[in-house]
Amino acid sequence: MKIRIAILDDNRFLLKALEEKVSLFNDLEHRISLVSGEVLLQKLQENLNVDLVLMDIEMPGLNGIDTTMLVKQKFPHIKVIMLTVFDNDEYIFNAIKAGADGYFLKDTNPEDLHRGIISTMNGGAGMTPSIAKKTLKLLRNPEAVTQLAYQEEISLSSREIEVLEYLCTGLSHTLIAERLFLSPNTVRKHIENIYKKLQVHSKIEAVEKARRHNLI
């Protein structure tokens, strides 16, 4: 019986690449590709039958870790393998806490990914070797996890910090532009760079993380 797979990734190019990897194996059946966690949850509520989800982490809206947590709460029989370009400790730890059954980097070759899927479906925990090593390190030293967010080195420019400080006050992009004598497009670009550097997707997340790192 084929393993029915859903693929979740907001990058269309990477989505296509994953589809091609899955298509190489006769025991895997690609059921659906989606670009957001919200849509996946909706499809599952509508009785989408899948056995395993290949889950991206960095997505707008509901990110992969939060989506995984909700999937495991509502559909505990569905296996979830995180597929990401990130191998930092904080992502790995949060993915495990959310209930992820496996964790692979996106550049994993098709054969290793296939073996990981089979292992996960058989009750194992498929992982890229480097991820497995980091996971063991985290399990051996769980106290270090609480310090992960503070150990990250995040560098914002003085202008980006100014923009972020105004964001804290609730000002719109237009009003921030007026206060800083910038164009609204320039302000939007600064905000995009801030989100990218902080690895967040919303103003609330950006402000919270910046405060944790004493940036504002």
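Whatever comes next refers back to the structure up there.
Note that the structure is a prediction, hence the values are computed from the model and not measured. (Residues numbered from 1 in each chain as written. Predicted model: local features only at pLDDT ≥ 70, side-chain atom pairs only at ≥ 80, totals over all residues. Heavy atoms only, no water.)

Engineer: Looking at this structure, I do not really get the overall build of the protein chain. What am I missing?
Structural biologist: Per the secondary structure count, the protein chain includes eleven helices and five strands. By principal-axis analysis of the C-alpha atoms, the protein chain measures approximately 60 × 40 × 30 Å. With 216 residues in all, the protein chain has 44% of them scored as buried. For the protein chain, long-range pairs separated by at least 24 residues make up 62% of all intrachain contacts whose partners lie at least 6 apart in sequence. Charged side chains of the protein chain number 27 positive and 29 negative; the gap between the two group centres comes to 1 Å. (Helix = DSSP H or I, 4+ residues; strand = E, 2+ residues; numbered from the N terminus. Buried < 20%, exposed > 50% of the residue type's maximum accessible area, 1.4 Å probe, protein only. Contact = heavy atoms within 4.5 Å. Lys, Arg positive; Asp, Glu negative; His and termini not counted. Charge placed at Lys NZ, Arg CZ, Asp CG, Glu CD.)

Engineer: Any chance you could explain the pairing of strand 4 (residues 79–84) here in plain terms?
Structural biologist: Working note: regular strand, side chains alternate between the two faces of the sheet. For strand 4, the buried fraction is high: five of the six residues fall into the buried class. Strand direction decides the pairing type here: strand 3 (residues 52–55) and strand 4, joined by four bridges, are parallel. When the bridges of strand 4 are listed, Met55 appears paired with Met82. The β-α-β motif built from strand 3, the intervening helix 3 (residues 64–74) and the parallel element strand 4 has right-handed crossover chirality. Examined bridge by bridge, strand 4 and strand 5 (residues 102–105) share four bridges and lie parallel to one another. For Leu83, the partnering residue across the bridge sits in strand 5 and is Phe104. (Pairing = 2+ DSSP bridges. Right-handed = clockwise from strand over helix to strand, strands pointing away.)

Engineer: Would you mind going over the sheet that holds strand 3 with me for this structure?
Structural biologist: Remark on secondary structure: sheet strands pair via backbone hydrogen bonds, oriented parallel or antiparallel. The strand order across the open sheet built from five strands is 2-1-3-4-5, with neighbouring strands paired in parallel fashion. Looking along the sheet, the strands with just one partner apiece sit at the ends: strand 2 (28–34) and strand 5. On average, each strand axis in the sheet is inclined to that of its neighbour by 25°, with strand direction left out of account. Strands strand 1 (3–8), strand 3 and strand 4 of the sheet are contacted by helix 3, whose axis makes an angle of about 175° with strand 4. (Axes fitted to C-alpha atoms, helices over the stretch in contact; angles between N-to-C directions.)

Engineer: Would you take a moment to explain helix 8 (residues 158–168) for this structure?
Structural biologist: The periodicity of an α-helix, 3.6 residues per turn, causes residues three or four places apart in sequence to face the same way. Among all positions of helix 8, only Glu160, Val163, Leu164 and Leu167 are buried. Burial along helix 8 is one-sided: seen end-on, the buried residues are contained in an arc of 100°. Residues of helix 8 that are buried in the fold lie against helix 9 (173–180), helix 10 (184–198) and helix 11 (203–212). Just downstream of helix 8 lies Gly170, where phi reads positive at about 90°. (Arc of directions from axis to C-beta.)

Engineer: Can you walk me through the layout of surface pockets in this structure?
Structural biologist: In this approach a probe as big as a water molecule rolls over the atoms, and the regions it shows empty are the leftover space. Each pocket or cavity is described by its volume, and for the largest pocket that value is around 520 Å³. For the lining of the largest pocket, the secondary-structure elements that each account for two or more residues are helix 3, helix 4 (89–98) and helix 11. The greatest single-element share of the lining of the largest pocket, amounting to five residues, is contributed by helix 4. For the lining of the largest pocket, a count of residues per class yields six nonpolar, five polar and nine charged. (1 Å grid on protein atoms, 1.4 Å probe; cavity = no way out; pocket = protein on both sides within 12 Å on 5 of 7 lines; lining within 4 Å. Points joined across faces, edges and corners; volume = space filled by probe spheres on them. Nonpolar A, V, L, I, M, F, W, Y, C, P; charged D, E, K, R; others polar.)

Engineer: It is not clear to me how the pattern of salt bridges should be interpreted in this structure. Could you clarify?
Structural biologist: Pairing between side chains becomes possible if they bear opposite charge and their charged atoms approach one another. Summed over all chains, the structure comprises nine salt bridges. The closest approach of N and O atoms between Asp51 and Arg4, which form a salt bridge, is 2.9 Å. With Asp51 in the loop between helix 2 (37–45) and strand 3 and Arg4 in strand 1, this residue pair connects regions lying 47 residues apart in the sequence. The shortest N-O distance in the salt bridge between Asp9 and Lys106 comes to 2.7 Å. One end of the pair, Asp9, is in the loop between strand 1 and helix 1 (12–23); the other, Lys106, is in the loop between strand 5 and helix 5 (110–121), with 97 residues separating them in the sequence. (Salt bridge = Lys/Arg side-chain N within 4 Å of Asp/Glu carboxyl O.)

Engineer: Would you mind going over the nonpolar core with me for this structure?
Structural biologist: The biggest cluster of nonpolar side chains holds 28 residues, and the ones touching the most others in it are Leu40, Leu44, Val53, Met55, Met82 and Tyr103. Of all the elements in the fold, those that place two or more residues in this core are strand 1, strand 2, helix 2, strand 3, helix 3, strand 4, helix 4 and strand 5. With four residues, helix 4 is the largest single contributor of residues to this core. Excluding anything up to four places from it in sequence, Val53 contacts Ala6, Leu40, Ile78, Lys79, Val80 and Ile81. Residues Ile154, Leu156, Val207 and Leu215 belong to the second largest nonpolar core, which totals 19 residues. (Core = buried A, V, L, I, M, F, W, Y, C linked by side-chain atoms within 4.5 Å.)

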